[in-house]
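Fold and geometry: a report
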Amino acid sequence: MTNSEHSKYKNMLATSELKYNCLLNRRETEKAIDLIKTKFPALMSEKLNLFKVSCPLVIMDGTGINDDLSGAERPVRFPIKNQSDAPAVVVQSLAKWKRWQLAELETENGEGIITDMRALRPDEDYSPQHSLYVDQWDWEQKISNSDRSLEYLKEVVESIYGIFQELEKNISSLFPEIAPILPEKIKFIQAEDLLKEFPDLTPKEREYQACKAHGAVFLIGIGDELSNGEKHDGRAPDYDDWSSFNSEGYKGLNGDILVWNPLLENSFELSSMGIRVNAETLAHQLKISGEEQRSSLFFHKKLLNGELPQSIGGGIGQSRTCMFLLRKKHIGEVQSGIWPENEVQKCLKEGVELMK
C-alpha cells in the first residue's frame, strides 16, 4: 500500500461505524499463525544472514545475563532441587544471552542467530496487547565497529519492515478478507524531534500522533533523557546503546518499530531493537544509571574485557505480529493465557473470544 492509499484507508476507518468483526475462525487463525511463525524467522534468516539456535527458558540468577528490560521488572525466581543456593530465573528476554552466544559460536561479521524466546513477565499489566506470556523472535547479528551507526540501524530496520509487508501480502492472498494496510515506507523519527513537535503530550500520546500520521514509524533514541529532562521510555543500561550521539546529532542508536493499529485505534509496537553497547558506552550507561555494581557480573566483565563481539539485535513479538497481521483486537485471540474474569467478560461483550 502506498502512503497515499494508507492515508485514504485510515480516514475511512476514522469516519466509519465499523464494529469489530473477527475475520478468521479459530481453525483459520491457527493455520495463519502457523504460516507466520514458520515464514517470519525463515525470512529473517535469509535477509539478515541468521541461523536458528536453541535457547534457555531459565538461567541461574546472578550472572547478569537475564534482560532487565526497563530496569524495574521482576523476573520469576524459584529454587532448584540439589542445586546451589542461587535461584533460577525465567528469562525476560535474551538480549545479553544472544551476544554471549555470538562469541561462543564464533560467528563472522554480518552473521547472526535467531531463536524462539519464551518468557514470563509477571509485572505486565493486562491489556489487549499485553499478557504474562511473552513469545519473541530474538535475533542478534555480529557487526564491525564501522557498522555501529545510525545508517546501518536504518538499513536493518527497512529489511525487517519489508518482512512485515511480505507476510501481510501472503496472509491477504490466503485470506482475501484481510487487506494489506502497511504503508510503502516506514518513517524514521528521532524521539527528540517528536518531543519538539508535541511538547505538551506524553510519550505514548506522541507515539499515537506519529503512527496515526505515518502508519509505520521507527522511533529512534529510547533510554536517555530528552531535552525536557524525561526519558521517552526506560531501557536497561547494558544492552542497547542509547547514549552515543548518532549522525543526526541526537543520542541513541536504538528504537522501536511502531505501526498504526486500526482496530485498537492506537500505536502498536512490533519490535524493539538497536546497536548494542560497546565497552565504553556500557561503562558510561552503568555510571549514569547508578548501576556500576553490575560491572562485576559474568556478562558485564566479558564485555568490558573485550571478550564479546559488537552486535545489533532485537526482539520481534510473535503474538503481536500475529495479532496485527490477522486483524485481531486482543492478544488472547492468538495465544492461550491466564486472564482475570473481568477481562474475559469485557472481551465477550465486545465480541472477542479468548483462547483457552
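- The protein chain carries the name Aspartate--ammonia ligase in an unreviewed UniProt entry, which gives Cyclobacterium qasimii as its organism.
- Its UniProt record gives the protein chain the following Subcellular location (unreviewed entry) comment, quoted word for word: "Cytoplasm".
- The heading Sequence similarities (unreviewed entry) in the UniProt record of the protein chain holds the text "Belongs to the class-II aminoacyl-tRNA synthetase family. AsnA subfamily."

Some thoughts on the side chain of aspartate 256
- On the secondary structure map, aspartate 256 appears in strand S9 (residues 254–261).
- A distance of 2.7 Å separates the side chain of aspartate 256 from the side chain of arginine 235, its partner in a polar contact.
- Sequence-distant contacts of aspartate 256, defined by excluding residues within four places in its chain, comprise Val217, Phe218, Leu219, Ile222, Arg235, Glu269, Ser271 and Ser272.

Let's talk about unusual backbone geometry
- Positive phi, close to 60°, is recorded for asparagine 49, a residue that is not glycine.
- Looking at where asparagine 49 falls in the secondary structure, it is placed in the loop between helix H2 (26–48) and strand S1 (50–52).
- With a relative accessible area of 45%, asparagine 49 lands in the partly exposed category.
- The phi dihedral of glutamate 106 falls on the positive side, at around 50°, and the residue is not glycine.
- Its place among the elements puts glutamate 106 in the loop between helix H3 (95–104) and strand S5 (112–120).

Regarding the sheet that holds S1
- With mixed pairing, the 8 strands of this open sheet are ordered in space as S1-S5-S6-S11-S10-S9-S8-S7. Looking at strand neighbours, the two that pair on one side only are S1 and strand S7 (187–190), the edges of this open sheet. Neighbour-to-neighbour, the strand axes of this sheet turn through a mean angle of 30°, independent of strand direction.
- Here helix H6 (residues 203–214) sits on the sheet in contact with S7, strand S8 (216–220), S9 and strand S10 (266–275), set at roughly 60° to S9.
- Helix-sheet contacts for helix H9 (residues 318–325) involve S5, strand S6 (133–142), S9, S10 and strand S11 (311–317), and the interaxial angle to S10 is about 140°.

About the criteria used
Residues numbered from 1 in each chain as written. Predicted model: local features only at pLDDT ≥ 70, side-chain atom pairs only at ≥ 80, totals over all residues. Heavy atoms only, no water. UniProt positions renumbered as here; feature names shortened; annotations may be inferred. Helix = DSSP H or I, 4+ residues; strand = E, 2+ residues; numbered from the N terminus. Polar contact = N/O pair within 3.5 Å; in protein donor to acceptor, adjacent residues only side chain to side chain. Contact = heavy atoms within 4.5 Å. Buried < 20%, exposed > 50% of the residue type's maximum accessible area, 1.4 Å probe, protein only. Pairing = 2+ DSSP bridges. Axes fitted to C-alpha atoms, helices over the stretch in contact; angles between N-to-C directions.

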